[in-house]
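Inside the fold
The residues making up each chain are set out below.
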Amino acid sequence: MKEYHILIACGSGIATSTVIANRVKNLCEDNGFKVKVQQVKIVEVEKMASEFDLIVASTRVPETVTTPSVFAINYLTGIKPEAVDEQILTVLRGLEE
């Protein structure tokens, strides 16, 4: 089974990214995906993106980044977090093809 590398980004790389990282890891494992997550500051994303399969961030990812990304502010607001779940699973399923 392939292990997917997911980059979790927020402003500081600590607080909100921890909430997002835990949710993403559980979501992926519950749906049969083996993942490794790494938390970073959003300013680090551009130089690291090419090493990852997916970026999940609480803020906008720079437009120069070509790695698939999902905006995960819903995880922090609690408003329709399942919509973010579905976006993440859709990207991962697409990578399997």
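Residues numbered from 1 in each chain as written. Predicted model: local features only at pLDDT ≥ 70, side-chain atom pairs only at ≥ 80, totals over all residues. Heavy atoms only, no water.

1. Describing unusual backbone geometry
Rule in force here: Secondary structure follows DSSP: runs of H or I at least 4 residues long count as helices, runs of E at least 2 residues long count as strands, and numbering of each begins at the N terminus. Buried, partly exposed and exposed residues are distinguished by accessible area as a fraction of the type maximum, computed with a 1.4 Å probe on protein chains only: under 20%, between the cut-offs, and over 50%, respectively.
A positive phi angle, close to 50°, is found at Lys 80, a residue other than glycine. Here Lys 80 is to be found in the loop between helix H3 (73-77) and helix H4 (81-96). Note on Lys 80: relative accessible area 57%, which makes it exposed.

2. With respect to the pattern of salt bridges
Put simply, the rule is: Think of a salt bridge as a Lys or Arg side-chain nitrogen and an Asp or Glu carboxyl oxygen that are within 4 Å of each other.
Within this structure, the stated rule accounts for three salt bridges. Asp 85 is paired through a salt bridge with Arg 23; the nearest N and O atoms lie 2.7 Å apart. With Asp 85 in helix H4 and Arg 23 in helix H1 (residues 15-30), the pair connects residues that are 62 residues apart, well separated along the chain. The closest approach of N and O atoms between Glu 86 and Arg 93, which form a salt bridge, is 3.2 Å.

3. Overview of the nonpolar core
As a reminder of what qualifies: Here, nonpolar core refers to any group of buried Ala, Val, Leu, Ile, Met, Phe, Trp, Tyr and Cys residues whose side-chain atoms link them within 4.5 Å. Contacts are assigned to residue pairs that have any heavy atoms within 4.5 Å of one another.
Membership of the largest hydrophobic core comes to 20 residues, with the highest contact counts inside it found for Ile 6, Val 24, Val 56 and Ile 88. Within the residue set of this core, elements represented by two or more residues are strand S1 (3-10), H1, strand S3 (54-57) and H4. If we skip the residues at most four places from it in the chain, Ile 88 touches Val 24, Leu 27, Cys 28, Leu 54, Val 56, Val 70 and Tyr 75. Counting 12 residues, the second-largest nonpolar core is a separate cluster that includes Ile 42, Met 48, Ala 49 and Ile 55.

4. A closer look at the pairing of S3
Note the cut-off: Strand pairing requires that DSSP identify at least two bridges connecting the strands.
What you see with S3 is no split at all: Leu 54 and Val 56 on one side and Ile 55 and Ala 57 on the other are buried throughout. Taken together, the four bridges between S1 and S3 define a ladder with parallel strand orientation. Its bridge partner lying in S3, Leu 7 is registered against Ile 55. Where S3 lies against strand S4 (residues 69-71), three bridges are found, and the strand directions are parallel. Paired with Ala 57 across the bridge in S4 is Phe 71.

5. Examining the side chain of Ser 58
Relative to the elements of secondary structure, Ser 58 occurs in the loop between S3 and S4. A relative accessible area of 12% places Ser 58 in the buried class. Excluding residues within four positions of it along the chain, Ser 58 makes contact with Ala 9, Cys 10, Gly 11, Thr 16, Ile 20, Phe 71, Ile 73 and Leu 76.

6. Here we look at the pairing of strand S2 (residues 34-41)
In regular strands, side chains alternate between the two faces of the sheet. How we decide: Note on handedness: a crossover is taken as right-handed if, strands pointing away from the viewer, the path from the first strand over the helix to the second is clockwise.
By the bridge criterion, eight bridges tie S1 to S2 in an arrangement that is parallel. Bridge pairing in S2 places Ile 6 opposite Val 37. Crossover connection from S1 via H1 to parallel S2: handedness right-handed.

Taken by themselves, the reported measurements are silent on function.
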